[in-house]
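Residue-level structural notes
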Amino acid sequence: MRRVSRPVGDNKNQTAALHPDIARVLLTEEQIRERIRELGHAITRDYAGRRLTLVGILKGSVMFLSDLMRELDLDCTVDFMCLSSYSGKESTGVVRVMLDLRESAEGRDILVIEDIIDTGLTLSYLMQNLKTRNPRSLEICAFLDKPDCRKVQVRAKYVGFPIPNEFVVGYGLDYNEQYRNLPYVGILKPPRA
Ligand code: IMP
């Protein structure tokens, strides 16, 4: 990947260089790290004494999940689902399950780990789907939330950061499968004509 040697943000602990396609950094590595620590503490407190099943939604939640689970002082297991509803920057509105859970959800405390809630269509579909499997509890932890974009109501118990209505990439989030490996969240430059 092409990188330039401009530091991201003015944070002393920020080590990554800004990708040339990124116009602006919305969340630095340090901000993300601190917020995930807080989320980890809250989840550890709320699920104390229970065995938690983290359900990571592929692919966008991978970085968030792997950092968050290190902050959990709990017995937990991890499973994955892969859903598809997006093409480029647009939600198609039609959600398809591309990969399902390996384990049964019945009687389990399920915490769905999602990268971002936008229209809410994906998670609304997923929550209805998982509810039919009779989990003991079912909640959502979303890294980002764009509340202004909702088409259907979805309630996330934990949210990393509410953000404005902008298309963001990095820290797991992609545009046409690119930029997932950026360690910060940024806004893309407009495409060149
Ligand atoms: P929703 O169904 O509209 O809530 O969209 C959820 C999914 O759309 C997320 O899991 C992301 O994969 C994708 N998505 C929505 N907004 C963005 C964004 O700003 N950047 C990258 N992916 C996004």
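See above for the structure.
The sections below set out a description of the structure shown in this document. (Residues numbered from 1 in each chain as written. Predicted model: local features only at pLDDT ≥ 70, side-chain atom pairs only at ≥ 80, totals over all residues. Heavy atoms only, no water.)

Next up on the list: the overall build of the protein. From N to C terminus, the protein includes 3 helices and 9 strands. When the helices and strands of the protein are read in sequence order from the N terminus, they spell out β-α-β-α-β-β-β-α-β-β-β-β. Expressed as a percentage of the 193 residues in the protein, the buried residues total 50%. In the protein, the proportion of contacts linking residues at least 24 apart, taken out of those at least 6 apart, comes to 64%. (Helix = DSSP H or I, 4+ residues; strand = E, 2+ residues; numbered from the N terminus. Buried < 20%, exposed > 50% of the residue type's maximum accessible area, 1.4 Å probe, protein only. Contact = heavy atoms within 4.5 Å.)

Right, let's talk about the nonpolar core for a bit. Proteins that are soluble and globular tend to have nonpolar side chains buried together. Residues Ile43, Phe64, Leu111, Cys141, Phe143, Leu144 and Val185 are the most contacted members of the largest nonpolar core, which totals 29 residues. Sorting the residues of this core by element identifies strand E1 (22-27), helix H1 (29-46), strand E2 (52-58), helix H2 (62-69), strand E5 (109-117), strand E6 (137-145), strand E7 (158-162) and strand E9 (185-188) as the ones contributing at least two each. The element that contributes the greatest number of residues to this core is H1, accounting for 5 residues. Discounting residues that sit within four places of it in the chain, phenylalanine 64 has contacts with Ile36, Leu39, Ile113, Glu114, Cys141, Ala142, Phe143 and Tyr171. Met81, Leu83, Val95 and Val154 belong to the second-largest nonpolar core, a separate cluster that totals 19 residues. (Core = buried A, V, L, I, M, F, W, Y, C linked by side-chain atoms within 4.5 Å.)

For the ligand, the set of nearby residues contains 16 residues, the closest of which are Asp115, Thr119, Gly120, Thr122 and Val168. Between an oxygen atom of the ligand and a main-chain N or O atom of glycine 120, the distance comes to 2.8 Å. At 2.5 Å from an oxygen atom of the ligand is found a side-chain nitrogen or oxygen belonging to threonine 122. Alone, the ligand offers 480 Å² of accessible surface; in the complex the protein occludes 92% of this. Secondary structure elements with two or more residues in the shell around the ligand: E5 and helix H3 (121-131). Top element by residues in the shell around the ligand is E5. It accounts for 4 residues. When grouped by side-chain class, the residues that make up the shell around the ligand number 7 nonpolar, 3 polar and 6 charged. (Near = heavy atom within 4 Å. Polar contact = N/O pair within 3.5 Å; in protein donor to acceptor, adjacent residues only side chain to side chain. Areas by Shrake-Rupley, 256 points an atom, 1.4 Å probe, with all protein chains shown as cover. Nonpolar A, V, L, I, M, F, W, Y, C, P; charged D, E, K, R; others polar.)

Let us look at the environment of arginine 96. Secondary-structure assignment places arginine 96 in strand E4 (residues 90-99). Remark: the alpha-carbon pair of arginine 96 and leucine 83, spanning 13 residues in sequence, is separated by 5.5 Å. Contacts of arginine 96, omitting those with residues within four sequence positions, involve Cys82, Leu83 and Ser84.

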